[in-house]
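Understanding the architecture of this molecule
Chain residues, written in single-letter form:
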Amino acid sequence: MEGNSKGYAWAISAGFNAALAAISAKFFSSQLIKYGFVVFFNMIMWGCYVNSLKALSSLQATVTNFATNFLSSGLAGFFLFEEALSLKWFAGALLIVIGVLVLSKSSIEGKTRVD
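On a predicted model such as this, the values are computed, not experimentally measured, just so you know. (Residues numbered from 1 in each chain as written. Predicted model: local features only at pLDDT ≥ 70, side-chain atom pairs only at ≥ 80, totals over all residues. Heavy atoms only, no water.)

This paragraph deals with the nonpolar core. Residues Tyr-8, Ala-11, Ala-14, Ala-18, Met-45, Cys-48, Tyr-49, Leu-56 and Ala-61 constitute the largest nonpolar core, which totals 9 residues. Looking at this core, the elements with two or more residues in it are helix 1 (2–27) and helix 2 (31–55). At 4 residues, helix 1 tops the list of elements feeding residues into this core. With residues near it in sequence (within four places) discarded, Cys-48 still touches Trp-10, Ser-13, Ala-14 and Asn-17. (Core = buried A, V, L, I, M, F, W, Y, C linked by side-chain atoms within 4.5 Å. Buried < 20%, exposed > 50% of the residue type's maximum accessible area, 1.4 Å probe, protein only. Helix = DSSP H or I, 4+ residues; strand = E, 2+ residues; numbered from the N terminus. Contact = heavy atoms within 4.5 Å.)

Here is the structure:
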């Protein structure tokens, strides 16, 4: 279970870094700074994502990464850029969180090999 916890921590970190890349693209006016931060956060995101794949299935890592990115990007838009979030967005966010929880509780059964 220790490996799964670390895997989820890496996947969540990847999602936050992906969101930070998107936020930095909106936040800075200087093109050089903007693209520098986008590249920087995306490089960190990919490193975290690859580490999450070492401990989780690709489905669990990808969905956790996506959910974290979606939620943190939406909330950052709301708090930093005063973007409106509809009730549908919150309903979708709740369904995504429930889906991630279901996936985190699921176990991947080992494949049997027939020679």
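Below, the discussion takes up helix 2. Compared with the 36 Å implied by 1.5 Å per residue over 25 residues, the 37 Å span of helix 2 between its first and last C-alpha is a close match. Among the residues of helix 2, those classed as buried are Lys-34, Val-38, Phe-41, Met-45, Cys-48, Tyr-49 and Ser-52. (Expected span 1.5 Å × (residues − 1).)

Between the first and last C-alpha of helix 3 (residues 58–81) there are 33 Å, a value that for 24 residues agrees with the 34 Å anticipated at 1.5 Å per step. Taken together, the buried positions of helix 3 are Gln-60, Ala-61, Thr-64, Asn-65, Ala-67, Thr-68, Ser-72, Gly-74, Ala-76 and Gly-77. Taken from the residues just after helix 3, Glu-82 is the one with a positive phi, measuring 55 degrees.

Quick look at the packing of aromatic side chains now. Going through the model one piece at a time under the given rule, you end up with 10 aromatic pairs. Judged by centre distance (5.3 Å) and plane angle (20 degrees), the ring pair of Phe-70 and Trp-89 falls under stacked. You can see Phe-70 sitting in helix 3 and its partner Trp-89 sitting in helix 4 (residues 87–105), a full 19 residues away along the chain. Relative to Phe-90, the ring of Trp-89 lies with its centre 5.0 Å away and its plane at 90 degrees, an arrangement referred to as edge-to-face. The class of Trp-89 is buried, set by a relative accessible area of 16%. (Phe/Tyr/Trp six-rings, centres within 6.5 Å; stacked < 30°, edge-to-face > 60°.)

Running from amino to carboxyl end, helix 3 crosses helix 4 at an angle of 155 degrees, the nearest separation of the two axes being 10 Å. If you check the angle between helix 3 and helix 4, you find them roughly antiparallel. Crossing angle aside, the handedness with which helix 3 passes helix 4 is left-handed. Together, Leu-59, Gln-60, Val-63, Thr-64, Phe-66, Ala-67, Phe-70, Leu-71, Gly-74 and Leu-75 of helix 3 and Trp-89, Ala-93, Ile-96, Val-97, Val-100, Leu-103 and Ser-104 of helix 4 make up the contact between the two elements. Its residues assigned to classes, the contact of helix 3 with helix 4 comprises 13 nonpolar, 4 polar and no charged. (Axes fitted to C-alpha atoms, helices over the stretch in contact; angles between N-to-C directions. Parallel < 35°, antiparallel > 145°, perpendicular 65-115°, else oblique. Left-handed = near helix turned anticlockwise from the far one by under 90°. Nonpolar A, V, L, I, M, F, W, Y, C, P; charged D, E, K, R; others polar.)

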